[in-house]
Amino acid sequence: MRTQVGIIGAGPSGLLLARLLHLQGIESIIIERQSKEYVLGRIRAGVLEQGMANLLRQAQVGARMDREGLVHGGVNLAFNGRLTRINMAHHTDGQSVIIYGQTELTRDLVEAHLAAGGIIHYEAPAIAVAEYHTTQPRIIYEQNGQRQEIVCDFVAGCDGYHGVARQSVPADKITLFEKIYPFGWLGILSDVPPVNDELIYANHERGFALCSMRSHTRSRYYVQCSLDDDVANWTDNAFWDELRRRLPEEVAEQVTTGPRLEMSIAPLRSFVAEPMRFGNLFLAGDAAHIVPPTGAKGLNLAASDIYYLSRALIAHYQEKRADLLDRYSDAALRRVWKAIRFSWWFTSLMHRFGDDLLNQRLQVAELDYLTGSVAGQTVFAENYVGLPYEQFE
Ligand code: RFL
Ligand code: PHB
């Protein structure tokens, strides 16, 4: 098999890239390890920056997001038993975020891509990327127990943290930066109305908590948990009790509880691989970097990578230009590192780190300062709504 751009991974990065290329007449094939049902059933992120929303509209998959997504111009920080709202729109010239689940967005992308004749091979794990330093890189994969190959002009490694694209590069050609946090997030999804119109990030001496949502009738809540905790240790009631203990009283009283649709534990990690280009192999999204979920940046970084990568590939095919391909890694990484920094900082500010009482007092002092200062609120707001994409043309 032959194609122009071979894409490994049918998550948001791979699908969005395929879609943007297709609209410019550039062909691709996506290889996905899991089944379609599995990919469409995953519960992950829920907050879209404006830059990402615009890119989805450009990819002609924004209609349902614009109909069903919830626009939030503010976000709440809870600490010391009280709730403070940061008016993000006010501090960023009217910018906001859109609450729209990654699950829904993935469905929109898959449906649009398949309807336009796009090719996605599910249950087809890539094993390696070969000869990526030549003009004919190959993706080697398996399907129905058979070894297969796709010869491409370029390979996009959109295969997430555990993918093979990054691992196909020799260790001495790639630099990895990693930090693993000493706790996880226990999350519940439940068909109950959210406790608040906008998100609440809570710092509490028992540990962090987050009140989020997917719609007016579906809530997503998280509590910080220990790394060796297990979902089997948690009944629904135990989760709701722990959540309420970590929220200001007037909020806790308003929480509507219900049975779980899903409950899971996610570890927290900061990770960056540099560079993001190796010959004609390009890494994008979680394949190249991971952020802890505290700033809601993981999915949004996948989108900014694809903004840069799609433009670079389009300039190559339509204008025979190589300069944007050459600049891809640096441009993407500049934005990645700023989001890595914001997510690390927000994680450090909101979570309980053991019994470090000094640290707890410092966190409260910083939150008090941040929420009481126009400069502090502005810094928070412009990072949360998403730093701008660089001009890339
Ligand atoms: P994805 O979504 O992981 O997609 C990668 C795809 O590649 C496939 N794959 C392979 N395919 C073929 N051959 C192989 N050898 C392959 N190896 C892997 C995988 O099956 C998968 O379909 O990466 P992508 O597209 O870069 O998108 C990134 C986002 O998904 C990610 O940043 C966010 O979901 C991160 N994240 C969260 N971000 C937030 O902003 N807020 C959240 O609440 C949030 N929760 C989460 C998350 C990520 C999680 N993961 C990865 C474990 C919760 C979880 C559980
Ligand atoms: C979510 O709704 O799943 C969510 C929202 C905000 C975050 C992380 C996760 O920072």
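Up top is the structure.
Reading guide: rules and limits
- Residues numbered from 1 in each chain as written.
- Chains lettered and ligands numbered in written order.
- Predicted model: local features only at pLDDT ≥ 70, side-chain atom pairs only at ≥ 80, totals over all residues.
- Heavy atoms only, no water.
- Near = heavy atom within 4 Å.
- Polar contact = N/O pair within 3.5 Å; in protein donor to acceptor, adjacent residues only side chain to side chain.
- Areas by Shrake-Rupley, 256 points an atom, 1.4 Å probe, with all protein chains shown as cover.
- Helix = DSSP H or I, 4+ residues; strand = E, 2+ residues; numbered from the N terminus.
- Buried < 20%, exposed > 50% of the residue type's maximum accessible area, 1.4 Å probe, protein only.
- Arc of directions from axis to C-beta.
- Contact = heavy atoms within 4.5 Å.
- Nonpolar A, V, L, I, M, F, W, Y, C, P; charged D, E, K, R; others polar.
- Phe/Tyr/Trp six-rings, centres within 6.5 Å; stacked < 30°, edge-to-face > 60°.
- Pairing = 2+ DSSP bridges.
- Axes fitted to C-alpha atoms, helices over the stretch in contact; angles between N-to-C directions.
- Core = buried A, V, L, I, M, F, W, Y, C linked by side-chain atoms within 4.5 Å.
- Expected span 1.5 Å × (residues − 1).

**Student:** Quick rundown of the site of ligand 2? Include the residues and the values.
**Tutor:** In the region of ligand 2, 13 residues are neighbours, and Y201, S212, R214, Y222 and P293 sit closest. Separating an oxygen atom of ligand 2 from a side-chain N or O atom of S212 is a distance of 2.5 Å. Within the side chain of Y222, an N or O atom sits 2.6 Å from an oxygen atom of ligand 2. Protein contacts shield 97% of the accessible area of ligand 2, which totals 280 Å² for the unbound molecule. At the level of secondary structure, the elements contributing two or more residues to the shell around ligand 2 comprise β15 (209-213) and β16 (219-225).

**Student:** I'd like a rundown of helix α7 (residues 236-245), residues and numbers included.
**Tutor:** Those residues of α7 that sit buried are D236, F239, W240, E242 and L243. On an axial view of α7, the arc spanned by its buried residues comes to 165°, and they lie on one face. Residues of α7 that are buried in the fold lie against β13 (175-190), β15, β16 and β17 (262-274).

**Student:** Give a description of the site of ligand 1 that names residues and reports values.
**Tutor:** In the neighbourhood of ligand 1, 27 residues make up the surrounding shell, with S13, E32, R42, Q102 and D286 lying closest. Between R42 and ligand 1, the recorded distance is 2.7 Å, taken from a side-chain N or O atom to an oxygen atom. L299 is positioned with one of its backbone polar atoms (N or O) 3.4 Å from an oxygen atom of ligand 1. When ligand 1 sits alone it has 1000 Å² of accessible area, and the protein chains cover 84% of it. Every element with two or more residues in the shell around ligand 1 is listed here: α1 (12-22) and α9 (298-319). A class-by-class count of the residues in the shell around ligand 1 yields eleven nonpolar, nine polar and seven charged.

**Student:** Residue-level account of the packing of aromatic side chains, with values.
**Tutor:** What the rule picks out here adds up to 24 aromatic pairs. Both rings, one in F183 and one in F353, keep their centres 5.2 Å apart while their planes meet at 80°; by these two values the pair is edge-to-face. Of this pair, F183 sits in strand β13 while F353 sits in the loop between α10 (323-350) and α11 (357-372), and the two are 170 residues apart along the sequence. Here F183 falls in the buried class, since its relative accessible area comes to 2%.

**Student:** Tell me what's going on with the side chain of S212, and back it up with residues and numbers.
**Tutor:** Relative to the helices and strands, S212 is located in strand β15. Among the residues examined, S212 registers a relative accessible area of 7% and is labelled buried. Apart from the residues within four sequence positions on either side, S212 is in contact with L199, S219, R220 and Y221.

**Student:** Account for the sheet that holds strand β10 (residues 138-143), naming residues and giving values.
**Tutor:** Strand order in the open sheet formed by three strands is β9-β10-β11, and the pairing between neighbours is antiparallel. The open sheet has two edge strands, β9 (126-130) and β11 (146-151), and neither has a second partner. Strand-to-strand twist across the sheet, computed as the mean angle between neighbouring axes with direction ignored, equals 20°. Pairing between β9 and β10: four bridges, direction antiparallel. Each bridged residue has a counterpart across the sheet, and for A128 the counterpart in β10 is I140.

**Student:** Can you lay out the side chain of S270 for me, pointing to particular residues and giving the numbers?
**Tutor:** Summarising the element assignment, S270 is placed in strand β17. Taking the relative accessible area as the measure of exposure, S270 reaches 8% and is therefore buried.

**Student:** Mind laying out the nonpolar core, listing which residues take part and the relevant values?
**Tutor:** Generally speaking, nonpolar side chains in soluble globular proteins are found buried as a group. Counting 83 residues, the largest nonpolar core has L16, L48 and L56 as its most contacted members. The leading source of residues in this core is α9, at eleven residues. For L48, the contacting residues outside a window of four places in its chain are L56, M65, V97, I98, Y100, L105, L299 and N300. Counting 32 residues, the second-largest nonpolar core is a separate cluster that includes V47, L210, M213 and A381.

**Student:** Summarise α9; cite the residues concerned and give the values.
**Tutor:** Between its first and last C-alpha, α9 extends 31 Å over 22 residues, near the 32 Å set by a 1.5 Å rise per residue. With respect to burial, α9 is a largely interior element, 16 of its 22 residues being buried. Immediately beyond the C-terminal end of α9, within one or two residues, lies K320, with a positive phi of roughly 55°.

**Student:** Got a sec to walk through the pairing of β15? Specific residues and values, please.
**Tutor:** On a regular strand, each side chain points to the face opposite its neighbour's, so the side chains alternate between the two faces of the sheet. Burial of β15 is extensive: five of the five residues sit out of reach of the surface. What you see with β15 is no split at all: A209, C211 and M213 on one side and L210 and S212 on the other are buried throughout. As judged from the three bridges shared by strand β14 (residues 200-202) and β15, these two strands associate in the antiparallel manner. Bridge pairing links Y201 to L210 in β15. From the end of β14 to the start of β15, which pair antiparallel, there are six residues, and G207 there has a positive phi angle of about 130°. Between β15 and β16, which pair antiparallel and follow one another directly, the connecting turn spans five residues.

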